[in-house]
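Each chain, written out:
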Amino acid sequence: MRLLQAEELFRKVLDGGSKAKAARLLGLDVGSKYVGLAVSDEKNRIALPLSVLSRTKTNINLMADDFKTLASKYSLAGFVVGYPFNLHGQHSPDAVQVRLLAGELCKTGKLDDLCYTYWDENFTSKCVEALLHPLNLKNRDEAKTMTDKFAAVCILQGYLDNMNRKLRPTDKSDT
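Residues numbered from 1 in each chain as written. Predicted model: local features only at pLDDT ≥ 70, side-chain atom pairs only at ≥ 80, totals over all residues. Heavy atoms only, no water.

Student: How would you sum up the sheet that holds strand E4 (residues 47–54)? Please name residues and give values.
Tutor: Strand order in this open sheet of 6 strands is E1-E6-E5-E2-E3-E4, and the pairing throughout is mixed. Every other strand in the sheet has two partners, leaving strand E1 (2–3) and E4 as the edge strands with one partner each. Here strand E5 (residues 76–83) pairs with strand E6 (residues 115–120) via 6 bridges, running parallel. Within E6, the position partnered with Val81 by the bridge is Tyr118. Relative to E4, helix H2 (residues 60–74) is tilted by about 155°, and along the sheet it contacts strand E2 (24–30), strand E3 (34–40), E4 and E5. (Pairing = 2+ DSSP bridges. Helix = DSSP H or I, 4+ residues; strand = E, 2+ residues; numbered from the N terminus. Contact = heavy atoms within 4.5 Å. Axes fitted to C-alpha atoms, helices over the stretch in contact; angles between N-to-C directions.)

Student: Give a description of the pattern of salt bridges that names residues and reports values.
Tutor: Applying the stated criterion to the full structure yields 4 salt bridges. Taking the shortest distance from any N to any O, the salt bridge between Arg11 and Glu7 comes out at 3.9 Å. In this pair, Arg11 and Glu7 both sit in helix H1 (residues 6–16), 4 residues apart, roughly one turn of the helix. Its relative accessible area of 43% is what places Arg11 among the partly exposed residues. The exposure class assigned to Glu7 is partly exposed, which follows from its relative accessible area of 27%. Linking Lys110 and Asp65 is a salt bridge whose minimum nitrogen-to-oxygen distance equals 2.8 Å. Taken as a pair, Lys110 in the loop between helix H3 (95–108) and E6 and Asp65 in helix H2 lie far apart in primary sequence, 45 residues in all. Linked through salt bridges whose partners overlap, the residues forming this network are Glu7, Arg11 and Lys166. (Salt bridge = Lys/Arg side-chain N within 4 Å of Asp/Glu carboxyl O. Buried < 20%, exposed > 50% of the residue type's maximum accessible area, 1.4 Å probe, protein only.)

Student: Let's hear about the packing of H2 against H3: which residues, and what values?
Tutor: Relative orientation of the contacting elements H2 and H3 amounts to 80°, with a least axis distance of 9 Å. Taken together, H2 and H3 sit at an angle that is classed as roughly perpendicular. Contacts between H2 and H3 involve Ile60, Asn61, Met63, Ala64 and Phe67 from the first element and Leu101, Glu104, Leu105 and Thr108 from the second. When grouped by side-chain class, the residues that make up the contact of H2 with H3 number 6 nonpolar, 2 polar and 1 charged. (Parallel < 35°, antiparallel > 145°, perpendicular 65-115°, else oblique. Nonpolar A, V, L, I, M, F, W, Y, C, P; charged D, E, K, R; others polar.)

Student: Can you lay out the environment of Ser40 for me, pointing to particular residues and giving the numbers?
Tutor: Summarising the element assignment, Ser40 is placed in strand E3. As for Ser40 and Ala23, which are separated by 17 residues in sequence, their C-alpha atoms are 9.3 Å apart. What Ser40 contacts, discounting residues up to four positions off in sequence, is Arg24, Leu25, Ile46, Ala47, Leu156 and Leu160. Here Leu25 takes part through its backbone nitrogen, which lies 2.9 Å from a polar atom of the side chain of Ser40. There is a polar contact of 2.6 Å between the side chain of Ser40 and the side chain of Asn44. (Polar contact = N/O pair within 3.5 Å; in protein donor to acceptor, adjacent residues only side chain to side chain.)

Student: Mind laying out the nonpolar core, listing which residues take part and the relevant values?
Tutor: Of all hydrophobic cores here, the largest spans 28 residues; its most connected members are Leu26, Leu28, Phe67 and Phe79. Elements represented by at least two residues in this core include exactly E2, E3, H2, E5, H3 and E6. Residue contributions to this core peak at 7 residues, all from H2. The contacts of Phe79, once residues within four sequence positions are left out, are Met1, Leu9, Leu26, Leu28, Phe67, Leu111, Leu114, Cys115, Tyr116 and Thr117. Counting 21 residues, the second-largest nonpolar core is a separate cluster that includes Ala6, Ala152, Ile155 and Leu160. (Core = buried A, V, L, I, M, F, W, Y, C linked by side-chain atoms within 4.5 Å.)

Printed below as a string of structure tokens:
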């Protein structure tokens, strides 16, 4: 896995898709216990909720295998990893676990053909919690995994919106 700047990854996605199958992106909301996942649609305009992976100190190889399977299934070009910056744009203390996971995934060597970038995740979980609150989910684990999954959607959608505005040609026939 190779770290790229946000725009560089999106250019790779735009250039990397074939006519038969478009390159897509996987959004990650990294927490201490779970990693929420979202995948982009084939046009890389909409983020869709996917699943949640359990995260432990000993399952990094299993997670890398899961990511490899998802990369094949969805023709992934890379990952957009939620990264907690503080309000001044600097790394927050929670960023350590995100960098740790990315580093551990890189060390496995199983994802060497993929790239990743970091994207600001500030307030995504809080926004999702506010949206899910009216559902009054009683099961605590279900509420937590749903929050993580939809936080990944928010991260990936924010990235897609920003990159599409900046880098996509304004071709009206593609909408």
